[in-house]
Amino acid sequence: MELLGTHPIDGAAEVVIQDQYAYVAVSGVYKETAVNAGGLAVVDWTEPTEPRTVYSRTFGAPLTPDAPPNLRIDTPDVKVAGDVAGVANDGNPGGVAFFDVSDPEQPEHVSFYDVSTEDRPLGTVHNLFLDGEYAYVGVNATTAIDSDEDGQPDQLRPFGETGVDIVDVSDPTTPTRVSTWKLKEFPGPAFAKAGLVNGFHDVYVQDGLAYICFWDAGIVVLDVSNPSAPELAAHFGEAPGATKEVRFFEIGEEDPEAYLQETGQLTRQLTLPGNAHYVQPSPDGLYVYVGAEAFGSREPGGIDIWDVSDLGKDIFAGPNRIGHISPPDIDLSLADQEYLDANPVIDTDDSRGRDLLRTSHNFDVTTDRLYTSWYGGGVRVFDITDPSTPTEIGVYDPEGASFWTAVAADETIVASEYRTGLVFLKNPNS
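About the criteria used
- Residues numbered from 1 in each chain as written.
- Predicted model: local features only at pLDDT ≥ 70, side-chain atom pairs only at ≥ 80, totals over all residues.
- Heavy atoms only, no water.
- Helix = DSSP H or I, 4+ residues; strand = E, 2+ residues; numbered from the N terminus.
- Rg over C-alpha atoms; globule rule 2.2 N^0.38 Å.
- Buried < 20%, exposed > 50% of the residue type's maximum accessible area, 1.4 Å probe, protein only.
- Contact = heavy atoms within 4.5 Å.
- Areas by Shrake-Rupley, 256 points an atom, 1.4 Å probe, with all protein chains shown as cover.
- Core = buried A, V, L, I, M, F, W, Y, C linked by side-chain atoms within 4.5 Å.
- Arc of directions from axis to C-beta.
- Polar contact = N/O pair within 3.5 Å; in protein donor to acceptor, adjacent residues only side chain to side chain.
- Pairing = 2+ DSSP bridges.
- Phe/Tyr/Trp six-rings, centres within 6.5 Å; stacked < 30°, edge-to-face > 60°.
- Lys NZ or Arg CZ within 6 Å of the ring centre and 35° of its normal.
- Salt bridge = Lys/Arg side-chain N within 4 Å of Asp/Glu carboxyl O.
- Axes fitted to C-alpha atoms, helices over the stretch in contact; angles between N-to-C directions.

Engineer: I tried to follow the overall build of the protein chain on my own but got confused; where do I start?
Structural biologist: What the protein chain contains, in helices and strands, is 4 helices and 33 strands. Over its C-alpha atoms the protein chain spans a radius of gyration of 21 Å, differing by no more than 12% from the 22 Å that the globule rule assigns to 430 residues. Summarising its shape, the C-alpha atoms of the protein chain cover approximately 65 × 50 × 45 Å along the three principal directions. Classification of the 430 residues of the protein chain by burial places 56% in the buried group. Taking contacts inside the protein chain between residues at least 6 apart in sequence as the whole, the part at least 24 apart equals 51%. Element-wise, carbon and sulfur atoms account for 46% of the exposed surface of the protein chain, whose accessible area totals about 17300 Å².

Here's what the structure looks like:
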């Protein structure tokens, strides 16, 4: 694909487009040199050949007056709808920083929605979605048990309280939670007892339905036509073993890393099968595209395509998978092959690992095109006129690049690359 322009933003993660502005979540974790910071940048891309930053803010100072001493900032996601933007903090305190973007060149930070509560301590937010006057905030939080009733928790289960908060942001200065749906409310298998493997990862809301990725537990679809009372509408795509219950972690009696290794949660979380990472329905709602993010050096994740035309008729029957896009092949040097052999699970904190990883990451679906990112596998566009047989029609895969997302914007594709920033490409559909 033809390169139109680039724009430097170190640590560029999620990008969303509204009008001629690109809103960029800046993650300190993915900067050239990792730092405990994050931020938001707004880029005017009216001229894709000469984009310019019109706003930039770094989150390194406390997001709230009573921020904890162990402050940790990681802002991988941003969403925007109308005059409101939200930036997720996947750290401590976990939550969403809301901005008034009525003037995109002068956003005003107006509030912070903290997801941690007494019964849901240390909640974090990796992703959110804005739809109308509501924010759908994904929460990963631990189940804490005070088994000896001394007033202090002594047992933990990772992600036992994972779910989604639905938050009224009609007045973004006072975000107000109107409902919560937790995975442990699922009426079938006990997915919430499986630990790290069934965490909330992403959500997409369209036409009164919230499509939620719960990793190995697959896709949960909620009817949110009444945001105050979400109802389970469908479930599909769970992986084998997604209901395997893990024991509690004993606080003060064992090492956290040893616990994760012994229970197998970490390896299962990072490798296939499962790993429902990103979801988006087609504009007509007849198909759902689900990307798997997997870090196995020899088995990265692809994208599944589901026919959901009968969605909701039987919650537990699930739709049919009608198509699949495999990860791209890349040319490997002998040194690359030796690296992958020595690292069966790729560490994305290692820049070389990210460059060699080619798993599905975030994407964008339009009526007949799918715009995808694959870390070191580049940006790829598929013709999905027939969703059962997607056909690759465009590739941008420069050496040494690692991409987070790709989104369509009229005749342009906007993609984010971790270290170098935004990339503007000519849309092969134009």
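Engineer: Would you take a moment to explain the nonpolar core for this structure?
Structural biologist: As a rule of thumb, nonpolar side chains are buried together in soluble globular proteins. The biggest cluster of nonpolar side chains holds 33 residues, and the ones touching the most others in it are Trp 181, Leu 222 and Leu 370. Within the residue set of this core, elements represented by two or more residues are β14 (163-168), β16 (202-206), β17 (209-213), β18 (219-223), β25 (303-307) and β27 (363-365). Judged by nonpolar contacts, the second largest core, of 19 residues, contains Tyr 21, Tyr 23, Ile 73 and Val 78.

Engineer: Any chance you could explain helix α1 (residues 256-263) here in plain terms?
Structural biologist: Along α1, the positions that sit buried rather than exposed are Tyr 259, Leu 260 and Thr 263. When α1 is viewed along its axis, its buried side chains cluster within an angular range of 95° and face the same direction. For α1, the exposed residues lying more than 90 degrees away from the buried face are Glu 257 and Glu 262. If you follow the buried residues of α1, they end up packed against β13 (155-157), β20 (249-250) and α2 (265-270). In this structure Asp 255 caps α1, since a side-chain oxygen of it lies 3.1 Å from the backbone nitrogen of Glu 257. Within two residues after α1, Gly 264 carries a phi angle of roughly 75°, on the positive side.

Engineer: What's the story with unusual backbone geometry in this structure? I'm lost.
Structural biologist: Where the residue is not glycine, phi is negative for most of them; where a peptide bond is considered, it is trans in most cases. A cis amide bond links Asn 92 to the next residue, Pro 93, at an omega of 5°. Inspection of the secondary structure assignment puts Pro 93 in the loop between β7 (84-89) and β8 (95-100). In this model, Asn 275 sits at a positive phi of 65°, which is unusual for a non-glycine residue. Inspection of the secondary structure puts Asn 275 in the loop between α2 and β21 (276-281). What makes Asn 275 buried here is its relative accessible area of 0%. At Tyr 375, a residue that is not glycine, the phi angle is positive and equals roughly 50°. Residue position: Tyr 375 is located in the loop between β28 (369-373) and β29 (379-383).

Engineer: What is the right way to look at the pairing of β16 in this model?
Structural biologist: Counting buried positions along β16 gives 5 out of 5 residues, so the element sits mostly inside the fold. Burial along β16 is two-sided: the residues Asp 202, Tyr 204 and Gln 206 and Val 203 and Val 205 are all buried. Here β16 runs beside β17; their pairing, made up of 5 bridges, is antiparallel. Bridge pairing in β17 places Val 205 opposite Ala 210. Between β16 and β17, which pair antiparallel and follow one another directly, the connecting turn spans 2 residues, one of which, Asp 207, has a positive phi of 55°.

Engineer: In this structure, what is going on with the packing of aromatic side chains? I would like to understand it.
Structural biologist: A full pass over the atoms with the stated rule returns 12 aromatic pairs. Their ring planes at 85° and their centres at 5.7 Å tell us that Phe 200 and Phe 214 sit as a pair that is edge-to-face. Pair noted here: Phe 200 is in the loop between β15 (176-182) and β16 and Phe 214 is in the loop between β17 and β18, with a separation of 14 residues, a long-range link. For Phe 200, a relative accessible area of 3% translates into the label buried. Taken together, Trp 181, Phe 200 and Phe 214 form an aromatic cluster joined through their ring pairs. Here the guanidinium or amino end of Arg 157 rests over the ring plane of Phe 248, the centre of that ring lying 4.1 Å away. Of note, Arg 354 hangs over the ring of Tyr 418, and the distance from its end group to the ring centre comes to 4.9 Å.

Engineer: What is the right way to read helix α3 (residues 334-342) from this model?
Structural biologist: Within an α-helix, residues lying three or four positions from one another point in the same direction, as the helix has 3.6 residues per turn. Residues Asp 336, Tyr 339 and Leu 340 constitute the buried set of α3. Down the axis of α3, the buried side of the element spans an arc of 95°, and every buried residue falls inside it. Along α3, exposed side chains directed more than 90 degrees from the buried face belong to Leu 334, Asp 341 and Ala 342.

Engineer: What's the story with the pattern of salt bridges in this structure? I'm lost.
Structural biologist: Pairs may arise between side chains of opposite charge once their charged atoms sit close together. Applying the stated criterion across every chain yields a total of 20 salt bridges. One salt bridge in this structure joins Arg 120 and Asp 165, with 2.8 Å as the shortest N-O distance. Here Arg 120, found in the loop between β9 (108-114) and β10 (128-131), pairs with Asp 165, found in strand β14; they are 45 residues apart in sequence, far enough to count as distant. Exposure class is identical for Arg 120 and Asp 165. Each is buried. What emerges from the salt-bridge pattern is a single network uniting Glu 14, Asp 77 and Lys 79.

Engineer: When you look at the sheet that holds strand β33 (residues 421-426) in this model, what are you seeing that I'm missing?
Structural biologist: In any sheet, the strands associate via hydrogen bonds between backbone groups, in a parallel or an antiparallel arrangement. Taking strand neighbours across the sheet as the criterion, the 4 strands line up as β1-β33-β32-β31 in an open arrangement whose pairing is antiparallel. In the strand order of this sheet, the two ends are held by β1 (3-7) and β31 (403-409), each with one partner. Here the strands of the sheet are splayed against their neighbours by 20° on average, with no regard to which way each runs.

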